[in-house]
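Here's the letter readout for the chains.
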Amino acid sequence: MKNKLLPVFIIASFLSLAFFSCTKKSEKITGDYGKRYFPLTKGHSITYEVDSTLWDNVFDVRTIHRYQMMWTVVDTFRDETNRISYRIQTYIRTQDTATWNAHRTILVTPTESTLEYVEAGLRFIKLTFPVQNGNTWKGNSLIHADLDADYKYFYNWDYYYSNFDQPYNTGAAYFDNTVTVNAINDTTGNPEVNPDRYAEKTFAKEVYGHDVGMVYREIVRWTYDPSLPGTPFRSGYSVVMRAINHN
């Protein structure tokens, strides 16, 4: 069965040293508990360079797409439980001189302890508060991965924070205060080394910039099953998003 393609994965915080210059980084927690790693001000935008790879095991072909994507906070609303939520409109274009075209809508609901994020009908817990190195949570616990075979690979991921209050270079832009959300890094086998054995790879991480939002996303999901009819070939996708500018 083919995996549904989901270019999918967002927020955290840092404390200024204004009061105690000797405070250790590991002790720094701001009053907003890190929520400024995912600013939700209306009109706030981030533009990304995107590299997308698709592996098709029906036609035995790998296709690479490069384009730009922009996320813009456009509105607020009340969700089904009357919580204040935010609507992010995404746009894509094939090159920086082309016209932006509406792509899809992302819904974000911040709470006191989490940031819920809905894309393509899937609800993730992208961030938890406060933001601290080593904090862990079940980021996909709101996805019924056990009920849909196409999303089974989302089951039971253990997200955790690292590199809190550290700089990050996306390769397209530099950000001096970020936090990394590590979602999963799971690999079985290697088709290049053992082409007669089953293999798969699932990897996902995101990096958030303070007062910026998500500045980097990488997600990889493919399977390789030589027992299927035809020539063995991978099936799946990978997506890399690099922030290039923001307002």
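Residues numbered from 1 in each chain as written. Predicted model: local features only at pLDDT ≥ 70, side-chain atom pairs only at ≥ 80, totals over all residues. Heavy atoms only, no water.

A. Focus on the overall build of the chain. A count of helical and extended segments in the chain gives zero helices and 12 strands. Reading the helices (α) and strands (β) of the chain from amino to carboxyl end gives β-β-β-β-β-β-β-β-β-β-β-β. Across the 247 residues of the chain, 47% fall into the buried class. (Helix = DSSP H or I, 4+ residues; strand = E, 2+ residues; numbered from the N terminus. Buried < 20%, exposed > 50% of the residue type's maximum accessible area, 1.4 Å probe, protein only.)

B. Local environment of the sheet that holds strand β9 (residues 174–188). The antiparallel open sheet is built from 12 strands, whose spatial order is β6-β5-β4-β3-β2-β1-β12-β11-β10-β9-β8-β7. Looking at the sheet topology across the chains shown, the edges are occupied by β6 (122–128) and β7 (136–137). The sheet contact formed by strand β1 (residues 45–56) and strand β12 (residues 234–246) spans 10 bridges and is antiparallel. Within β12, the residue paired with Glu-49 across the bridge is Arg-242. (Pairing = 2+ DSSP bridges.)

C. Summary view of the side chain of Thr-170. Here Thr-170 is to be found in the loop between β8 (159–169) and β9. Taking the relative accessible area as the measure of exposure, Thr-170 reaches 6% and is therefore buried. Separated by 3.0 Å, the side chain of Thr-170 and the backbone nitrogen of Ala-172 make a polar contact. Every residue in contact with Thr-170, bar those within four places of it in the chain, is listed here: Phe-175, Val-215, Tyr-216, Arg-242 and Ala-243. (Polar contact = N/O pair within 3.5 Å; in protein donor to acceptor, adjacent residues only side chain to side chain. Contact = heavy atoms within 4.5 Å.)

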